[in-house]
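Each chain, letter by letter, is given below.
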Amino acid sequence: MTSTPTIGVLALQGDVREHLTALAAADAAAGPVRRPEELAGIDGLVIPGGESTTISKLAVLFGLMEPLREAIRGGLPVYGTCAGLIMLADKILDPRSGQETFGGIDMIVRRNAFGRQNESFEAVVDVTGVEGGPVEGVFIRAPWVESVGADVEVLAEYGGHIVAVRQRNVLATSFHPELTGDHRVHEFFVDTVRAAR
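I will try to describe carefully the structure that is included in this document. (Residues numbered from 1 in each chain as written. Predicted model: local features only at pLDDT ≥ 70, side-chain atom pairs only at ≥ 80, totals over all residues. Heavy atoms only, no water.)

## Some points on the nonpolar core
Counting 32 residues, the largest nonpolar core has L10, L45, F102 and M107 as the members making the most contacts within it. Those elements that provide at least two residues to this core are β3 (44-47), α2 (52-61), α3 (65-73), α4 (83-87), β5 (89-92), β6 (105-110), β11 (161-167) and β12 (170-173). Looking at which element gives the most residues to this core, the answer is α4, with four residues. Beyond its immediate stretch of four places on either side in the chain, L45 contacts I7, G8, V9, L10, V33, L68, L76, P77, V78, Y79 and F189. If you look at the next biggest cluster of nonpolar residues, it comprises 30 residues, including V16, A28, F114 and V125. (Core = buried A, V, L, I, M, F, W, Y, C linked by side-chain atoms within 4.5 Å. Buried < 20%, exposed > 50% of the residue type's maximum accessible area, 1.4 Å probe, protein only. Helix = DSSP H or I, 4+ residues; strand = E, 2+ residues; numbered from the N terminus. Contact = heavy atoms within 4.5 Å.)

## Overview of the pairing of strand β4 (residues 78-81)
Covered by surrounding structure in β4 are V78 and G80 together with Y79 and T81, the residues of both alternating faces. The pairing of β3 with β4 spans three bridges and is parallel. Residue pairing in the sheet places I47 in a bridge with G80 of β4. In this sheet, β12 lies alongside β4 in parallel orientation, the contact comprising four bridges. Looking across to β12, one finds that T81 is bridged to T173. (Pairing = 2+ DSSP bridges.)

Below, the structure is given as structure tokens:
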């Protein structure tokens, strides 16, 4: 289980470069994904933070919405941070008009639940499955998970709200571990990708 998996980062919008750096540090071969045909060459995918409405519109524009939904249903390991968590939700409580998601996690999420940009904060979060103690979570206009289905594992809570979940090979966090220099959450995801191969 030491082979290097190839993990794409959905490069439509958001903090793509930071995820590429974190994945490389976590011993994965990482590259940007912008086109449907690029999905064929990857073992896993990261959906970065950014603006979920924009990611949704661009995914449709670039022809990625349906291929990605199909890949996730087919078992492709995926990790979403912040807006990526929203994109992996089966349901958004307060979607913008026309906003779609890839789905993959049986959860209901609330956009911008922790407040606006100027209410962004950092907090220590205990994440089940991530060894070495709590991780530093950067919360930027972060969503939280309102509720989860029976098959969803809650990995972390903060302030009484769910901020990290997993369902089969699909992982999501409300916060941005890629902005801290601590790559343990990415290592956790890379291990998930290896196990799925």
